[in-house]
2 protein chains.
Amino acid sequence: MSSEPVSAEAAREADENDELAFARELFRLPESVIYLDGNSLGALPAAVGPAVADLVDRQWGEQLITSWNVNDWWRLPGRVGDRIGRLIGAAEGQVMCGDSTSVQLFQALTAACRMRPGRSIILTDGAGFPTDQYLADAVADLLQLKVVRLNPGELATQLSEDVAVVAFSQVDYRTGELFDTAAITAQVHRAGALMVWDLCHSAGAIPVELDAIEADFAVGCSYKYLNGGPGAPGFLYIAQRHLRSAALPLTGWHGHRSPFTLSQRYEPAPSIERARIGTPPVLSMAALAAALTVFDRVELAAIRRKSLALTDLVIGYAQSRLAEFGVEVVTPLSHDRRGSQVALRMPAAYEVCQELIGRGVIGDFREPDLLRLGFTPLYLRFVDVYEAMDRLADVLSDGGYADGRYASRTVVT
Amino acid sequence: MSSEPVSAEAAREADENDELAFARELFRLPESVIYLDGNSLGALPAAVGPAVADLVDRQWGEQLITSWNVNDWWRLPGRVGDRIGRLIGAAEGQVMCGDSTSVQLFQALTAACRMRPGRSIILTDGAGFPTDQYLADAVADLLQLKVVRLNPGELATQLSEDVAVVAFSQVDYRTGELFDTAAITAQVHRAGALMVWDLCHSAGAIPVELDAIEADFAVGCSYKYLNGGPGAPGFLYIAQRHLRSAALPLTGWHGHRSPFTLSQRYEPAPSIERARIGTPPVLSMAALAAALTVFDRVELAAIRRKSLALTDLVIGYAQSRLAEFGVEVVTPLSHDRRGSQVALRMPAAYEVCQELIGRGVIGDFREPDLLRLGFTPLYLRFVDVYEAMDRLADVLSDGGYADGRYASRTVVT
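Residues numbered from 1 in each chain as written. Chains lettered and ligands numbered in written order. Predicted model: local features only at pLDDT ≥ 70, side-chain atom pairs only at ≥ 80, totals over all residues.

Focus on the overall build of chain A
Moving on, step 1. Each helix and strand in chain A was counted, giving 13 helices and 15 strands.
Moving on, step 2. On C-alpha atoms alone, chain A measures out to a radius of gyration of 22 Å, which is about the 22 Å that the 2.2 N^0.38 rule sets for 413 residues.
Moving on, step 3. Overall size of chain A, expressed as C-alpha extent along the three principal axes, is 70 × 60 × 40 Å.
Moving on, step 4. Per-residue burial over chain A gives 56% buried out of 413 residues.
Moving on, step 5. In chain A, the proportion of contacts linking residues at least 24 apart, taken out of those at least 6 apart, comes to 72%. (Helix = DSSP H or I, 4+ residues; strand = E, 2+ residues; numbered from the N terminus. Rg over C-alpha atoms; globule rule 2.2 N^0.38 Å. Buried ≥ 20, exposed ≤ 12 C-beta atoms within 10 Å, placed from the backbone. Contact = placed C-beta atoms within 7 Å.)

Concerning the relation of the copies chain B and chain A
Moving on, step 1. Take chain B, turn it by 180°, move it 0.0 Å along the axis, and it overlays chain A with an RMSD of 0.0 Å. One copy is carried onto the other by what is essentially a two-fold rotation axis.
Moving on, step 2. Most of the interface of chain B is mirrored in chain A: 100% of its interface residues are interface residues there too. (Least-squares fit on C-alpha atoms with pLDDT ≥ 70 in both.)

Brief notes about the pairing of strand β7 (residues 163–169) of chain A
Residues and elements named next belong to chain A.
Moving on, step 1. Counting buried residues in β7 gives seven out of seven residues, a clear majority hidden from the surface.
Moving on, step 2. In this sheet, β7 lies alongside strand β5 (residues 121–125) in parallel orientation, the contact comprising four bridges. Paired with T124 across the strands is A167, a residue of β7.
Moving on, step 3. Of the crossover connections in this fold, the one passing from β7 over helix α8 (residues 181–190) to the parallel strand β8 (residues 194–198) is right-handed. (Pairing = 2+ DSSP bridges. Right-handed = clockwise from strand over helix to strand, strands pointing away.)

Comments concerning the nonpolar core
Moving on, step 1. Grouped together as the largest cluster of nonpolar side chains are 283 residues, with contacts concentrated most on L109 and I122 of chain A together with L109 and I122 of chain B.
Moving on, step 2. In contact with L109 of chain B, not counting residues within four places along its chain, are I122, L135, A136, V139, V165, A167 and V196 of chain B. (Core = buried A, V, L, I, M, F, W, Y, C linked by C-beta atoms within 7 Å.)

Focus: the interface of chain B and chain A
Moving on, step 1. Taken together, the contacts link 69 residues of chain B with 69 residues of chain A.
Moving on, step 2. At the level of elements, α2 (48–62), α3 (67–70), α5 (101–114), α6 (130–143) and α10 (282–292) of chain B are the ones that each hand at least two residues to the side of chain B that touches chain A.
Moving on, step 3. Ranked by residues supplied to the side of chain B that touches chain A, first place goes to α2 of chain B with nine residues.

Some remarks on the environment of R86 of chain B
Moving on, step 1. Counting through the fold element by element, R86 of chain B comes out in helix α4 (residues 76–87).
Moving on, step 2. C-alpha of R86 of chain B to C-alpha of D296 of chain B: the two residues are 210 residues apart in sequence and 10.0 Å apart in space.

Considerations on the pairing of β8 of chain A
Residues and elements named next belong to chain A.
Moving on, step 1. Within β8, five of the five residues are buried, which leaves it mostly tucked inside the rest of the structure.
Moving on, step 2. Here β8 shows a buried face lined by L194, V196 and D198 and a second buried face lined by M195 and W197.
Moving on, step 3. Sheet analysis places β7 next to β8, joined by five bridges and oriented parallel. Within the sheet, the bridge partner assigned to V165 lies in β8 and is L194.
Moving on, step 4. Bridge analysis of β8 against strand β9 (residues 217–220) gives three bridges, and the strand direction is parallel. Bridging from a neighbouring strand, V196 pairs with F217 of β9.

Comments concerning the domain arrangement of chain A
Residue and element names in this part refer to chain A.
Moving on, step 1. By domain assignment, chain A separates into domain 1 (8–20 + 299–403) and domain 2 (50–296).
Moving on, step 2. The straight-line distance from the C-alpha centre of domain 1 to that of domain 2 is 30 Å.
Moving on, step 3. The interface of domain 1 with domain 2 comprises 20 residues on the first partner and 14 residues on the second.
Moving on, step 4. At five residues, the largest contribution of residues to the side of domain 1 that touches domain 2 is made by helix α11 (residues 300–322).
Moving on, step 5. Grouping the constituent residues of the side of domain 1 that touches domain 2 by class yields nine nonpolar, six polar and five charged. (Domains from an automatic or database assignment. Nonpolar A, V, L, I, M, F, W, Y, C, P; charged D, E, K, R; others polar.)

Re the sheet that holds strand β5 (residues 121–125) of chain B
Residues and elements named next belong to chain B.
Moving on, step 1. Taken together, seven strands build an open sheet; the order of strands is β4-β10-β9-β8-β7-β5-β6 and the sheet is mixed. Strands at the two margins of the open sheet, each flanked by one partner only, are β4 (95–97) and β6 (146–150). Across the sheet, the mean angle separating the axes of adjacent strands is 20° when strand polarity is ignored.
Moving on, step 2. In the sheet, β5 pairs with β6 via five bridges, with the strands oriented parallel. For I122, the partnering residue across the bridge sits in β6 and is V147.
Moving on, step 3. The strands that α6 touches are β5, β6, β7 (163–169) and β8 (194–198); relative to β5, the one it contacts most, it runs at about 175°. (Axes fitted to C-alpha atoms, helices over the stretch in contact; angles between N-to-C directions.)

What to know about helix α12 (residues 349–358) of chain A
An α-helical turn contains 3.6 residues, so a residue and the one three or four places further along point in the same direction.
Residues and elements named next belong to chain A.
Moving on, step 1. Buried within α12 are the following residues: A349, E351, V352, C353, E355 and L356.
Moving on, step 2. Packed against the buried residues of α12 are β13 (361–362), β14 (364–366), β15 (370–374) and α13 (382–398).
Moving on, step 3. Of the residues trailing α12, G360 is marked for its positive phi of about 90°.

Looking at unusual backbone geometry
Residues other than glycine predominantly adopt negative phi, and peptide bonds predominantly adopt the trans conformation.
Residues and elements named next belong to chain A.
Moving on, step 1. With an omega dihedral of -5°, the bond running from E367 to P368 counts as a cis peptide bond.
Moving on, step 2. Counting through the fold element by element, P368 comes out in the loop between β14 and β15.
Moving on, step 3. Positive phi, normally seen in glycine, also occurs at Q144, with a value near 55°.
Moving on, step 4. Note that Q144 resides in the loop between α6 (130–143) and β6 (146–150).

With respect to the sheet that holds strand β11 (residues 328–329) of chain B
All names here are of chain B.
Moving on, step 1. Spatial strand order, β11-β12-β15-β14: four strands in an open sheet with antiparallel pairing. Each end of this open sheet is capped by a strand with a single partner; those strands are β11 and β14 (364–366).
Moving on, step 2. One ladder, built from five bridges, connects strand β12 (residues 341–345) with strand β15 (residues 370–374); its direction is antiparallel. Of the residues in β15, the one forming a bridge with V342 is L373.
Moving on, step 3. Those strands touched by helix α11 (residues 300–322) are β11, β12 and β15, and its axis lies near 15° from that of β12.

Considerations on the packing of helix α4 (residues 76–87) of chain A against helix α10 (residues 282–292) of chain A
All names here are of chain A.
Moving on, step 1. Contact pair α4 / α10: the axes reach a minimum separation of 10 Å and the direction vectors enclose 30°. Between α4 and α10, the angle is such that the two are roughly parallel. By crossing handedness, the relation of α4 to α10 is classed as left-handed. Residues L76, P77, V80 and R83 of α4 lie in contact with α10, whose contacting residues are V282, M285, L288, A289 and L292.
Moving on, step 2. Tallied by class, the residues present in the contact of α4 with α10 amount to eight nonpolar, no polar and one charged. (Parallel < 35°, antiparallel > 145°, perpendicular 65-115°, else oblique. Left-handed = near helix turned anticlockwise from the far one by under 90°.)

Quick notes on α4 of chain A
Moving on, step 1. The end-to-end C-alpha distance of α4 of chain A is 17 Å, a good match for the 16 Å that 12 residues give at a rise of 1.5 Å each.
Moving on, step 2. After α4 of chain A finishes, the residue G89 of chain A shows a positive phi value of roughly 70°. (Expected span 1.5 Å × (residues − 1).)

Some words on the environment of V52 of chain A
Moving on, step 1. Tracing the sequence through the fold places V52 of chain A in helix α2 (residues 48–62).
Moving on, step 2. Overall, the presence of 24 C-beta atoms within 10 Å leaves V52 of chain A in the buried class.
Moving on, step 3. Note: C-alpha distance between V52 of chain A and F217 of chain A (165 residues apart in sequence) is 31 Å.
Moving on, step 4. Look past the residues within four positions of V52 of chain A in its chain and what remains in contact with it is L283, A286 and A287 of chain A together with V52 and V56 of chain B.

Some details on the confidence of the model for chain A
Moving on, step 1. The predicted model of chain A averages 96 in pLDDT, with 97% of residues at 70 or higher.
Moving on, step 2. Reported confidence for the predicted complex is 0.96 by ipTM and 0.97 by pTM. (pLDDT = per-residue confidence, 0-100.)

Looking at the environment of Q63 of chain A
Residue and element names in this part refer to chain A.
Moving on, step 1. One can find Q63 in the loop between α2 and α3 (67–70).
Moving on, step 2. In this structure Q63 comes out as partly exposed when scored by C-beta crowding, with 17 C-beta atoms within 10 Å.
Moving on, step 3. As for Q63 and A215, which are separated by 152 residues in sequence, their C-alpha atoms are 41 Å apart.
Moving on, step 4. If sequence neighbours within four positions are ignored, Q63 has contacts with R58, V70 and N71.

See below:
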């Protein structure tokens, strides 16, 4: 926790000293909105529009099918994968971009379980994102295994020689709790199991060191802190040592060791190319490729420093000025256990969230009682975050949100 | 077969009488290229550029996460699915758009096999597209079944009480042979098995009547005759009668009956919504949605009529003037057995294809000896197709292509 007092003046000063201040110019941000939902959908990088227009008008429109060669669409998934790899501590040739996170998680879980024949249990976080739990069940069903849900803190009590795979998210999507990937991975390996990490809420926000911690598999999405756009493709990391043995279930022709021979039998490529499936969504992937150029100019360590300063500000504000409204900080206070978001528990959190959106601050609500605020240091200023908290204080103080105006809940992902 | 003589004059006349002539204006086509590869990647519809720019700049850039509601991104996959449904004879609520064709085929095959417990065989076309064969093997491996490859013509000899599922493509991707979906589906049902159709080479080119023929499942891609753009998302059809029982293996949260409760256990939606998986590629899907508006103005029957007239022209030309170069028409001559492409077998087909591309006619090569020409009636003129054949005749007559200039083969998908 920062020991500086929370004030508008301190926020202005923090902006003046912000080593990432320049990065805001790399984005197109709407005026009159303070966007604290980059952990659902990252804002639009300025490089995307021109890149997509070029993809559509020139590459598709003029060069048509020849673009698979002349614009190297064929290697786009691997090139984007390697770019993402640099942000998650993966040396080249271990990350493939494509499909949705769900599909990638299905690939990872199935391949990992197959590498531990005779072991019958998948351990997953019972508070983890629903898809992660559903897919553990789906894979267990197909491979006749069993899923045990637990709190990651209880891992030691559940690890046994019967555990094949442990699958956790690095950051809890609701509370923002950050788990110790190195310690957990080592613990899982000591039990002879394999570790699958879900990086949806950490890639691009938190330095991740997949190679260094000896992770086995990892997946993630690119539309949150990587700013790749709505539904931008997911990614799959397979550690170098598993690349020749990982038996991925979705055997599309792009993953074949010799795809253009169009042979009858599938033989996986002896490299990360085996993680390809079918024809990738080139438009969405070109947008992501352009979005990732933002990271050519910034260091993840700087992003992490500013993220912690921003969440310090929010936590300090909430503790000192919002407790009177029944607001409780759910996100861990310790820096080494905190992701890039702050979850605030409060009465009528859904209505407060809606009222706050009406006042130009976009955050989101998570069942049953959490206001979840996400912080992307690349485009957020300290003064904006301070202003957002002032508006939250106003909403809570005014109290009008509870008059039934938000009785009919709308869909927000 | 048309009985009209093949001539430049007849081609000009055909264009004058072309009821689809207006549709060419709905596309952005490169000058100086005759594009006979719309069965690999359809050309760019004029509506796409503005739709994608709006998606990026306004919906994503300005409205950010709220676009899931205000621009109804949430229902985009189902809306696009229904649009595709109209082109494949499916009443509303049976087609979902998303992911790649490979993923959709995995979903369909797995769900279909699960509906025939106790039966152990998947029948698939041994000359079918490689992914279709690979995924049959992959599903068989997971469910402990067996794949038998056959020629669709031998189906009667292979159908037994042990066959769970038959999976064929409606059009052979190499030869262009069109199969009788109604007769085959009925035959498969009489044996108590389920039928999965791959419509990659028919959707948008050939009237398909999934409901009428009582198909069980179907999949397809949208980047060929639907012109959705490179890697545009695939689709999955599930017949109404199977919607509550189809157990799809990829259980992402978007397919949950109540996704926003974010509950721990997966319960599939009791509708086509269960075919959703994770967050869809909104950019690619918005491009596809715009591309499909072309079909609001044309009838599939008209497309089919013109397609047959174009392939008649090509076949007539090949038979009368290219036989002397060893060219053989592989595609069936009978209209009711012909897709929207013509495959010509010839010596040095790869080199001829490359030389033809160099002379402004884009077709493609298929191993080992086929020049494959695809015909999209929406944007092809008869005079262009006639001119393309003249250039092919020139290439064959000149013979220079065999001098080693194309010895190093490049990737073309």
